[in-house]
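Each chain is listed here by its residues.
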Amino acid sequence: MRHLLTPPHLVRDLALLVTRLLLGVILMAHGWQKFSTWGLSGTAGTFKQMGVPAPQLSAAFAAVVELVGGAALILGIATPVVALLAALNMFGAYLFAHTGSGIFVKEGGWELVGAIGAAALTLVGAGAGRFSIDGLLGRGRTATNDARQPAAAHGATARDEDLVTR
């Protein structure tokens, strides 16, 4: 009998794929905007007005994390590291651009950076899943991989492992 709280591995891997694809596209769009629409100097100027430390460096960091990191998430390569950088980027956006503006993005609120940050943190914890370059290299880090570890390594009994792997 499958444990009720453990989704089938295929569903988990598909959910991680969709999360990576959507998050990657959103990040790439924002990174591209920083490079092409505003330019790094325009982005840095806006960052300076917001009180972001080292605005030139921060603008370059944000643009690269968003554009290159978004592409890496789409491919599923170095996913936990890239996702952590994206989450940190969103935390910075929250602190310097959205704090005190409520929730709704239309009013300058944090809903978009919160959703992006939460999705990124999910990928930090769960990994890229099977349908990724990380997965092809054996670094997908989903419960599929965890279930292959001996039950004792997780402090579980053989019966617990049997429930997870069915």
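My aim in this report is to walk through the structure given alongside it, one point at a time. (Residues numbered from 1 in each chain as written. Predicted model: local features only at pLDDT ≥ 70, side-chain atom pairs only at ≥ 80, totals over all residues. Heavy atoms only, no water.)

**What about the nonpolar core?**
Step number 1: If you look at the biggest cluster of nonpolar residues, it comprises 16 residues, and the most contacted ones within it are Leu23, Leu27, Leu73, Ala120 and Leu123.
Step number 2: Those elements that provide at least two residues to this core are helix H1 (9-37), helix H3 (55-75), helix H4 (79-98) and helix H5 (111-126).
Step number 3: If we skip the residues at most four places from it in the chain, Ala120 touches Leu23, Ala83, Ala86 and Ala87.
Step number 4: Counting five residues, the second largest nonpolar core, distinct from the first, contains Phe47, Val52, Ala59 and Ala62. (Core = buried A, V, L, I, M, F, W, Y, C linked by side-chain atoms within 4.5 Å. Buried < 20%, exposed > 50% of the residue type's maximum accessible area, 1.4 Å probe, protein only. Helix = DSSP H or I, 4+ residues; strand = E, 2+ residues; numbered from the N terminus. Contact = heavy atoms within 4.5 Å.)

**Brief notes about H1**
Step number 1: Counted at 1.5 Å a residue, the expected span for H1 with its 29 residues is 42 Å, and the 41 Å between its end C-alpha atoms agrees.
Step number 2: Among the residues making up H1, those that are buried are His9, Arg12, Asp13, Leu16, Arg20, Leu23, Gly24, Leu27, Gly31 and Lys34.
Step number 3: In the stretch just after H1, Gly39 is the one whose phi turns positive, near 75°. (Expected span 1.5 Å × (residues − 1).)

**Brief notes about a nonpolar patch on the surface**
Step number 1: Among the surface-exposed residues, Met50, Phe91, Tyr94, Leu95, Phe96, Ile103, Phe104 and Trp110 lie close enough to one another that they form a single nonpolar patch of about 750 Å² accessible area.
Step number 2: Top element by residues in the nonpolar patch is H4. It accounts for four residues.
Step number 3: Its place among the elements puts Trp110 in the loop between H4 and H5.
Step number 4: Of the residues examined, Trp110 reaches a relative accessible area of 34% and is grouped as partly exposed. (Patch = residues over 30% accessible without salt bridge, like charges linked within 9 Å, V, L, I, M, F, W, Y side chains within 5 Å. Areas by Shrake-Rupley, 256 points an atom, 1.4 Å probe, with all protein chains shown as cover. Salt bridge = Lys/Arg side-chain N within 4 Å of Asp/Glu carboxyl O.)

**Considerations on the packing of H1 against helix H2 (residues 39-50)**
Step number 1: Between H1 and H2, whose axes approach to 5 Å, the crossing angle comes to 105°. Relative to H2, the element H1 is oriented roughly perpendicular. Judged by residue contacts, Gln33, Lys34, Phe35, Ser36 and Thr37 of H1 engage Gly39, Leu40, Thr43 and Phe47 from H2. (Axes fitted to C-alpha atoms, helices over the stretch in contact; angles between N-to-C directions. Parallel < 35°, antiparallel > 145°, perpendicular 65-115°, else oblique.)

**Examining unusual backbone geometry**
Step number 1: At Ala54, a position not held by glycine, the phi torsion is positive, near 45°.
Step number 2: Locating Ala54 in the fold gives a position in the loop between H2 and H3.
Step number 3: Even without being a glycine, Ala78 presents a positive backbone phi close to 55°.
Step number 4: Here Ala78 shows up in the loop between H3 and H4.
Step number 5: By relative accessible area, Ala78 is classed as partly exposed at 34%.

**Concerning the pattern of salt bridges**
Step number 1: Within this structure, the stated rule accounts for three salt bridges.
Step number 2: With a closest N to O distance of 2.8 Å, Lys34 and Glu66 form a salt bridge. Separated by 32 residues along the polypeptide, Lys34 in helix H1 and Glu66 in helix H3 bring together distant segments of the chain.
Step number 3: Linking Asp134 and Arg139 is a salt bridge whose minimum nitrogen-to-oxygen distance equals 3.0 Å.
Step number 4: The class for Arg139 is partly exposed, based on a relative accessible area of 43%.

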